[in-house]
Amino acid sequence: MERIALVTGAGSGIGRETAGALASAGFHVVLSGRRIEALNETIAQFKAADKMTAISCDVTDEDSMDAMFKSIEDQHGRLDVLFNNAGNNVPPMPIDELTVDQWRTVIDVNLTGAFIAARGAFALMRKQKPQGGRIINNGSISATAPRPGSVPYTVSKHAITGLTKTLALDGRPFDIACGQIDIGNTASAMTEAMLKGVPQADGSIKPEPTMDTKHVADAVVNMANLPLDANVLNMTIMATKMPLVGRG
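The sections below set out a description of the structure shown in this document. Remember, it's a predicted structure, so these values are computed and weren't measured experimentally.

Our focus in this paragraph is the overall build of the protein. Scanning the protein for helices and strands turns up 7 helices and 9 strands. At 18 Å, the protein has a C-alpha radius of gyration in line with the 18 Å of a compact globule built from 248 residues. When the backbone C-alpha atoms are referred to their principal axes, the protein occupies close to 55 × 35 × 35 Å. A buried classification covers 50% of the 248 residues belonging to the protein.

Written out as structure tokens, the structure reads:
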């Protein structure tokens with residue numbers, strides 16, 4: 001039986017690379033994102049038209065996401081893995097300079113969007129035959145070691161840890177495993193600033209090491225390939241020399 005994986009935010013960066021790695025590992029991968037053009041670029045990059053399906057939708061839109069899960073059920077009959085990856089951020093700033101709209105922009109995608117995706121995946125995994133599946137949430141090392149000026153991002157990722165642990169508990173009766181991957185400084189569009197210099201806890205601006213996104217994708221595949229009686233509840237993967245241990 002072909003295994004089905006869903007990757008949100010699959011049009012760039014970690015999502016794109018992970019979608020390719022899951023397809024190479026034998027999954028049929030449903031790519032989710034707002035821009036169908038970017039999703040089609042992912043398919044073209046990995047020459048995987050027979051192993052990938054693109055569905056344009058917005059993780060913050062409940063109706064859009066419900067329609068996507070209905071499409072997955074109709075076309076494939078099941079979902080084995082969700083990589084709950086879609087996310088965004090705003091520039092660093094103190095809380096009093098942050099607008100409520102900026103706060104909502106981050107929380108709506110990083111937290112509410114992750115909830116909506118997990119909710120849809122959980123429902124399908126619970127009712128499908130055979131029952132069960134795996135949800136992998138994209139957290140962040142910032143949840144426990146925040147950067148200066150990162151209020152909305154840090155809060156959203158701190159909450160993802162609560163979502164992960166709750167789903168890991170609530171999924172037990174239905175053979176639904178849930179884990180989280182916390183990532184430090186992959187080389188992607190979102191982390192280009194790392195090489196130029198980013199704010200440190202002591203007020204200085206310093207460049208930070210990054211790692212290839214491929215290593216994150218391989219780690220997600222490793223989690224996805226586990227049998228459902230084993231789970232990586234939380235994994236930290238980071239550029240070896242980045243200032244996480246000893247940050248500040």
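Moving on to empty space enclosed by the protein. Under the counting rule described, the total for this entry stands at 1 cavity of 30 Å³ or more. Approximately 40 Å³ is the volume found for the largest cavity. Looking at the lining of the largest cavity, the elements with two or more residues in it are α4 (100–127), β5 (133–138) and α5 (151–170). When its residues are assigned to classes, the lining of the largest cavity shows 3 nonpolar, 5 polar and 1 charged.

The volume enclosed by the second largest pocket comes to roughly 180 Å³. Lining the second largest pocket are 15 residues, with Arg-3, Asp-80, Gly-133, Leu-226 and Leu-228 positioned closest to its centre. Here the residues of the lining of the second largest pocket are counted per class, giving 7 nonpolar, 4 polar and 4 charged.

Walk down a regular strand and you will see the side chains alternate between the two sheet faces. Across the 9 residues that make up strand β6 (residues 176–184), a large majority, 9, are buried. The side-chain alternation of β6 yields two buried faces, one formed by Ile-176, Cys-178, Gln-180, Asp-182 and Gly-184 and the other by Ala-177, Gly-179, Ile-181 and Ile-183. Pairing geometry for β5 and β6, over 6 bridges, is parallel. Counterpart to Ile-136 in the pairing with β6 is Gly-179. Crossover handedness for the path β5 to α5 to β6: right-handed. The pairing of β6 with strand β9 (residues 234–238) spans 5 bridges and is classified as parallel. Each residue of the ladder has a partner; that of Ile-183, found in β9, is Ile-237.

With that settled, consider the pairing of strand β2 (residues 28–33). Within β2, 6 of the 6 residues are buried, which leaves the element mostly enclosed by the surrounding structure. Pairing geometry for strand β1 (residues 4–8) and β2, over 5 bridges, is parallel. Paired with Ile-4 across the two strands is His-28, which belongs to β2. What joins β1 to β2 is helix α1 (residues 13–24), and the crossover it makes is right-handed.

As a further point, take the sheet that holds β5. The sheet built from 7 strands is open, its strands ordered β3-β2-β1-β4-β5-β6-β9 with parallel pairing. The outermost strands of the open sheet, each flanked by one partner alone, are β3 (52–56) and β9. On average, each strand axis in the sheet is tilted by 20° relative to the strand beside it, whichever way the strands run. Where β1 and strand β4 (residues 81–84) come together, 3 bridges link them in parallel fashion. When the sheet's bridge partners are listed, Leu-6 is paired in β4 with Leu-82. Most of the contacts of helix α2 (residues 36–45) go to β3, to which it runs at about 170°, and overall it touches β2 and β3.

Attention now goes to unusual backbone geometry. Here Lys-129 and Pro-130 are connected by a cis peptide whose omega angle stands at -5°. The residue Pro-130 is located in the loop between α4 and β5 in this model. Even without being glycine, Lys-47 reaches a positive phi, approximately 50°. The phi dihedral of Asp-175 is positive, around 60°, even though this residue is not glycine.

Turning our attention to the pattern of salt bridges. Counted by the stated rule, this structure contains 7 salt bridges. Lys-127 is the salt-bridge partner of Glu-73, the closest N and O atoms lying 3.3 Å from each other. Taken together, the positions of Glu-73 in helix α3 (residues 62–76) and Lys-127 in helix α4 put the pair 54 residues apart, joining distant regions of the chain. Notably, a salt bridge pairs Asp-218 with Lys-214, separated by 2.9 Å at the nearest N-O pair. Of this pair, Asp-218 and Lys-214 both sit in helix α7 (residues 213–224), separated by 4 residues, roughly a single helical turn. We classify Asp-218 as partly exposed; its relative accessible area is 35%.

What counts as what
Residues numbered from 1 in each chain as written. Predicted model: local features only at pLDDT ≥ 70, side-chain atom pairs only at ≥ 80, totals over all residues. Heavy atoms only, no water. Helix = DSSP H or I, 4+ residues; strand = E, 2+ residues; numbered from the N terminus. Rg over C-alpha atoms; globule rule 2.2 N^0.38 Å. Buried < 20%, exposed > 50% of the residue type's maximum accessible area, 1.4 Å probe, protein only. 1 Å grid on protein atoms, 1.4 Å probe; cavity = no way out; pocket = protein on both sides within 12 Å on 5 of 7 lines; lining within 4 Å. Points joined across faces, edges and corners; volume = space filled by probe spheres on them. Nonpolar A, V, L, I, M, F, W, Y, C, P; charged D, E, K, R; others polar. Pairing = 2+ DSSP bridges. Right-handed = clockwise from strand over helix to strand, strands pointing away. Axes fitted to C-alpha atoms, helices over the stretch in contact; angles between N-to-C directions. Contact = heavy atoms within 4.5 Å. Salt bridge = Lys/Arg side-chain N within 4 Å of Asp/Glu carboxyl O.

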